[in-house]
Amino acid sequence: MNPSTALARVLVDELARCGLAEAVVAPGSRSTPLALALVSHPGIRVHVRVDERSASFLALGLARASRRPVAVVCTSGTAAANFHPAVLEADESGVPLLVLTADRPPELRGTGANQTVDQIGLYGGAVRLFAEVGTPDPVPGMVAYWRSLVGRAWGAARGGRPGPVHLNIAFRDPLTPDGPGRDWPEPLDGRAGGAQWISRPGPLAEPPPFVLPDVERGVIVCGDGDYDPVPFLALAELTGWPLLAEPTSNARRVGAVSTYRQLLASPAIAAGPAPDLVVSVGRPNLSRQTLAFLRRARRHVVVTAGALGDPNASLPGGFADPARTATDVVAAVAAPAGTTFDEPRSTDWSGLWGRAESVARAALDAVLDEQETLTEPRLARDLVSHLAAGSLLFAGSSMPIRDLDATMRARCGVRLVGNRGVSGIDGTVSTAIGAALAHQAADPAAGAFALLGDLAVLHDQNGLVIGPGEPRPDLAVVVVNNDGGGIFSGLEQAGHPDFERVFGTPHGVTMERVAAMADVPYLHLEWATDLPKALLGEGVRIVEVRTDRAESAVLRRRLQASVDAALAEAL
């Protein structure tokens, strides 16, 4: 067996022993040994993509939805650079990603050899671990080195702060298994019985919770993140503190305040008493109103919800505190002493938030239901409402996630995910497809949906290009096409004379043309009553809703004004 084949087969075998079930491969010559080792392994499902950026975001979606490390493989040169945006997102959002880049051997580096760049430490501090694997040499000890390195990489990806790891692997010719080789000086086998080379102990004991102070005006803020929201919903019920939940926290269930975005922007609430205590978990960074509210709190307890007992497990900086208001950082919290389910607390504070939610919800829905033509905010609200229990919804950045935040009613049974680590629009189609594939691998009957903007789809059209025979999810990609960057229409730039060209960025492309390019089914949707039927179907398909950016900005201001007026009258 030649050295390159030996190295690749040992790496892949040890990854499978660790638990690798999914891998994404982008085509290339130098990565041939890894690609062939992966596709020949019976326990690993392999996905092939022609575009490295799409491949890396596909892997990101698979890892995000499955909560397991996924490998992504490319050849040398700019291929590895195209992984960088997905690596950054995996870093900031804590997604375990195994980045395996093939490279030229040392004797070809720095010589002007074809397709060769400096790949050492390519992703900087965005990875939990980087290793230059080195060239495979037929000497004793190499198998232990390779297998132990895989164990370290797997542990780093899944550790207290999950995230990407980067192994840069130099391969010499021959790159195919049938090339000339020699007898290996030691067995290539791993541990007996299929065991991992390095076993790791189970999780640490659960840390003692921080007992929260007994205050009336408490608030619970659930930001983006992959954590269990149930303890925070229970805390809200016990204490009577309002729970404000971003969509991708998956905490906007019964009992959560669904209109908090408008309430925090309304004078009736903003001018009221400041909270005595805010308990936050995840990354609460979706709205300016929430950040302003955090700044008013007298005390801010941040729950890391990371590795047990590790208060620095959530983020590279230690913990999520975008408003710089944290006073306490803890691993878990408990309700104030003496609080029991026998007597859930009802106070003037909880009553105020309950009435405000009821009034604001009615005002919002009344405006949204005035006409049957689908608007951007109504589409977001109705889409979530129509999804069956067990469904997955991927929310695109910019306006889709914000419209969901502004209009989504509290409900259970739908899992929402999105690229909220860096909040870019790149790679969203590929991430949604990866998330759908992983979600339906666990439950083949589950529905999968994505709500994306037109620029995000145009940015990642290649994500729709899936070769024959490749695994395909059942995924309805619902696209809001307002012919440009809708988020800027609500910002300060909207009044600039060059706004339309520089920020609006109209393109004049319909999603029907994108669907034709990728040979996927297409439907143009106009009426709200037709939405449930439009969501039906199999495979990857596009549902387009065309809107007007300026009209959407006016409608969002009307929604806020209606809530303000209703609260002024009712409170």
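Note that this is a predicted model, so its numbers are computed, not measured. (Residues numbered from 1 in each chain as written. Predicted model: local features only at pLDDT ≥ 70, side-chain atom pairs only at ≥ 80, totals over all residues. Heavy atoms only, no water.)

Some details on the sheet that holds strand β10 (residues 277-281)
Where we set the bar: Note on pairing: DSSP must find at least two bridges between two strands before they are called paired. Each helix corresponds to a stretch of at least 4 residues labelled H or I by DSSP, and each strand to a stretch of at least 2 residues labelled E; elements are numbered beginning at the N terminus. A fitted line through C-alpha atoms represents every axis, and for helices the fit uses only the stretch in contact; the resulting angles, taken between N-to-C directions, go from 0 to 180 degrees.
Pairing in this open sheet of five strands is parallel, and the strands run β9-β8-β10-β11-β12 from one edge to the other. Two strands close off the open sheet at either side, each with one partner strand: β9 (243-245) and β12 (328-330). Averaged over all pairs of adjacent strands, the angle between their axes in this sheet comes to 20 degrees, without regard to strand direction. Pairing between strand β11 (residues 300-303) and β12: three bridges, direction parallel.

As for the packing of aromatic side chains
The relation between two aromatic rings is expressed through the spacing of the ring centres and the mutual angle of the planes. Our working rule: Each aromatic pair joins two rings of Phe, Tyr and Trp (for Trp, the six-membered one) with centres within 6.5 Å, and gets the label stacked for planes under 30 degrees apart, edge-to-face for over 60, and tilted for any other angle. A simple rule labels every residue: compare its accessible area, found with a 1.4 Å probe on the protein chains alone, to the largest value its type can have, and call it buried under 20%, exposed over 50%, or partly exposed in between.
Under the definition given, this model contains four aromatic pairs. With a centroid separation of 6.2 Å and an interplanar angle of 70 degrees, the aromatic rings of Phe-293 and Trp-353 are classed as edge-to-face. Pair noted here: Phe-293 is in helix α10 (residues 288-296) and Trp-353 is in helix α11 (residues 348-368), with a separation of 60 residues, a long-range link. Judged by its relative accessible area of 3%, Trp-353 is buried. Aromatic side chains Trp-349 and Trp-353 sit 6.0 Å apart centroid to centroid with 65 degrees between the ring planes, which places their arrangement in the edge-to-face category. Pair noted here: Trp-349 and Trp-353 are both in helix α11, with a separation of four residues, about one helical turn.

A few points about a nonpolar patch on the surface
Let me state the cut-off plainly: Patch criteria: residues need more than 30% relative accessible area and no salt bridge. Like-charged residues are merged within 9 Å; nonpolar side chains of Val, Leu, Ile, Met, Phe, Trp and Tyr are merged within 5 Å. A 1.4 Å probe and the Shrake-Rupley method give the accessible areas. Residues count as covered only by the protein chains that appear here. Take a side-chain nitrogen of Lys or Arg and a carboxyl oxygen of Asp or Glu: if they are within 4 Å of each other, that pair is a salt bridge.
A cluster of nonpolar side chains, namely Val-50, Val-465 and Met-517, defines an oily patch on the protein surface of about 260 Å² accessible area. Tracing the backbone shows Met-517 in helix α17 (residues 511-518).

Notes on the pairing of β11
Quick reminder of the rule: The definition of a right-handed crossover adopted here requires that, viewed with the strands pointing away, the path from the first strand over the helix to the second runs clockwise.
Because side chains alternate across β11, one face comprises the buried residues His-300 and Val-302, and the other comprises Val-301 and Val-303, equally buried. In terms of strand pairing, β10 meets β11 through four bridges, oriented parallel. Of the residues in β11, the one forming a bridge with Ser-280 is Val-302. Taking the sense of rotation as the criterion, the β-α-β connection linking β10, α10 and β11 turns out right-handed.

Side note on the packing of helix α12 (residues 376-386) against helix α13 (residues 399-407)
Threshold: With respect to orientation, any angle under 35 degrees is reported as roughly parallel, any angle over 145 as roughly antiparallel, any angle of 65 to 115 as roughly perpendicular, and every other angle as oblique. The contact criterion used throughout is that any non-hydrogen atoms of two residues lie within 4.5 Å. Basically, the charged four are Asp, Glu, Lys and Arg, the nonpolar ten are Ala, Val, Leu, Ile, Met, Phe, Trp, Tyr, Cys and Pro, and anything else, Gly included, counts as polar.
One way to put it is that α12 packs onto α13 with a least axis distance of 8 Å and a crossing angle of 70 degrees. As the angle between them shows, α12 and α13 are arranged roughly perpendicular. Residue-level contacts link Glu-376, Pro-377, Ala-380, Arg-381 and Val-384 of α12 to Asp-403, Leu-404 and Thr-407 of α13. Taken together, the residues of the contact of α12 with α13 break down into four nonpolar, one polar and three charged.

Some remarks on unusual backbone geometry
With an omega dihedral of 0 degrees, the bond running from Asp-173 to Pro-174 counts as a cis peptide bond. On the secondary structure map, Pro-174 appears in the loop between β6 (164-170) and β7 (210-211). Phi at Asn-250 is positive, roughly 60 degrees, even though this residue is not glycine. Here Asn-250 shows up in the loop between β9 and α8 (260-265). Of note in the backbone geometry, Asp-483 takes a positive phi value of approximately 55 degrees without being a glycine. Its relative accessible area of 27% is what places Asp-483 among the partly exposed residues.

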